[in-house]
Amino acid sequence: MLFRSEGISRKGLKTLLSVIDQRTKTGRKYLTLFTLIYNCGLRIDEALSIALRDLRLEAEHPSVTVIGKGSKMRTLAILPRTRKLLEAYIGTYHGKTHTETHYLFYSRNTGPTGKSSQTAISKQLRIYAKLAHEICSEVPLDLHCHQLRHACATHLLEDGINIVQLSRFLGHSDLSTTMRYIDVGLQMKTEALTKIDCESTKGIKPKWKDSQSLAEACGLRPNKEPR
């Protein structure tokens, strides 16, 4: 299996996040946003559409519920580090008392009732990408938010999760969409399509345990079958 290079490497991602100044309010916002997008493999609009009520940070297994394309809803695990970032961010931007319907990431012009614009987010990401590229050439200068989602998918595949599980994790309605993230042969495509109807892959069952694997940390079961 060959992985496409449209995302960003683990080293590049680590460098990108490291150049964001956490000492500033703006820096904390973008670090939280970009980390959440990567953690959950979110589309940028899914991330910006999250309201405070969609978060379950106090639960035993923290999660966020998002609505994707076609109004498809999915609930995704939030990793411990991401949870800490979210809690600190909410404390700074929303305070101890807040309205559950307010957008998590909001625009300075509209306040909590209006979500941040994709244009503003993309512009800021490219600024950080330029800084990070000077340290690590693996960070694309023209980096955009979808590449963070792409990186999540690629890294989960590298961790060995099943392609069908990945498709559901990303909220894809068609397995062929997920296939675009990788170069695969006809045999693998056939096997993946066959597994759609298999009882063992009809749902993602999070294990909710600590792990060095991004896949297991996100509640996905690595594929143990030979590839």
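In what follows, the accompanying structure is described. (Residues numbered from 1 in each chain as written. Predicted model: local features only at pLDDT ≥ 70, side-chain atom pairs only at ≥ 80, totals over all residues. Heavy atoms only, no water.)

**Considerations on the sheet that holds strand S4 (residues 73-77)**
Under the convention used in this document: Here a strand pair is declared whenever DSSP counts at least two bridges between the two strands. A run of H or I in DSSP counts as a helix once it spans at least four residues, and a run of E counts as a strand once it spans at least two, with each numbered from the N terminus.
Taking strand neighbours across the sheet as the criterion, the three strands line up as S2-S3-S4 in an open arrangement whose pairing is antiparallel. The open sheet has two free edges, formed respectively by strand S2 (55-56) and S4, since each of these has just one partner strand. In terms of strand pairing, strand S3 (residues 63-67) meets S4 through five bridges, oriented antiparallel. Opposite Ser63, over in S4, you have Ala77 as the bridge partner.

**A few points about the packing of aromatic side chains**
Note the cut-off: The pairing test for Phe, Tyr and Trp rings, Trp by its six-membered ring, is centres within 6.5 Å, and the orientation test on the planes gives stacked under 30 degrees, edge-to-face over 60, and tilted for anything in between. Only when the NZ of Lys or the CZ of Arg is both within 6 Å of the ring centre and within 35 degrees of the ring normal is a charge said to sit over the ring.
In this structure the tally under the stated criterion is six aromatic pairs. Here the aromatic rings of Tyr89 and Phe105 are separated by 5.1 Å at their centres, their planes lie at 40°, and the arrangement is tilted. Of this pair, Tyr89 sits in helix H4 (residues 80-93) while Phe105 sits in the loop between H4 and strand S5 (106-107), and the two are 16 residues apart along the sequence. An aromatic cluster is present here, built from Tyr89, Tyr93, Phe105 and Tyr106 joined pairwise through their rings. The side chain of Lys25 reaches across the aromatic face of Tyr93, ending 4.7 Å from its centre.

**Here's the deal with the nonpolar core**
Applicable threshold: Among buried residues, those of type Ala, Val, Leu, Ile, Met, Phe, Trp, Tyr and Cys that are joined through side-chain atoms within 4.5 Å constitute a nonpolar core. Exposure categories follow from relative accessible area, calculated using a 1.4 Å probe and restricted to protein chains: below 20% of the type maximum is buried, above 50% is exposed, and the middle band is partly exposed. In what follows, residue pairs with any heavy atoms lying within 4.5 Å of each other are defined as contacts.
Grouped together as the largest cluster of nonpolar side chains are 57 residues, with contacts concentrated most on Phe34, Leu55, Leu104 and Leu166. A total of eight residues in this core trace back to one element, the largest contributor, which is helix H2 (residues 25-40). Excluding residues that lie within four positions of it along the chain, Leu166 makes contacts with Ala153, Leu156, Leu157, Ile161 and Thr178.

**Looking at helix H5 (residues 118-133)**
Rules: Multiplying 1.5 Å by the helix residue count minus one yields the expected span of that helix. Summarising the geometry, the arc corresponds to the directions from the helix axis toward the C-beta atoms.
With 16 residues, H5 should cover 22 Å at 1.5 Å per step; its first-to-last C-alpha distance of 22 Å lies within 8% of that length. Of all the residues in H5, the buried ones are Ile121, Ser122, Gln124, Leu125, Tyr128, Ala129 and Ala132. One side of H5 holds all its buried residues, which, seen down the axis, span an arc of 165°. Away from its buried face by more than 90 degrees, H5 exposes Thr119, Lys123 and Lys130. Of the surrounding secondary structure, the elements contacted by the buried residues of H5 are helix H1 (10-18), H2, helix H3 (44-48) and helix H6 (145-158).

**Comments concerning the pattern of salt bridges**
Using the following cut-off: Between Lys or Arg on one side and Asp or Glu on the other, a salt bridge is scored when a side-chain nitrogen of the former is within 4 Å of a carboxyl oxygen of the latter.
Throughout the structure, instances matching the rule amount to seven salt bridges. Taking the shortest distance from any N to any O, the salt bridge between Arg23 and Asp21 comes out at 2.9 Å. Judged by its relative accessible area of 74%, Arg23 is exposed. Since its relative accessible area comes to 27%, Asp21 is described here as partly exposed. Measuring nitrogen to oxygen at the nearest pair gives 2.9 Å for the salt bridge that ties Glu46 to Arg74. Pair noted here: Glu46 is in helix H3 and Arg74 is in strand S4, with a separation of 28 residues, a long-range link. Accessibility classification places Glu46 together with Arg74 in one group, the buried group. Ionic contacts of the salt-bridge type, sharing partners, join the residues Arg10, Glu158 and Asp159 into one network.

So, to be careful, I would describe these as geometric facts and stop short of saying anything about function.
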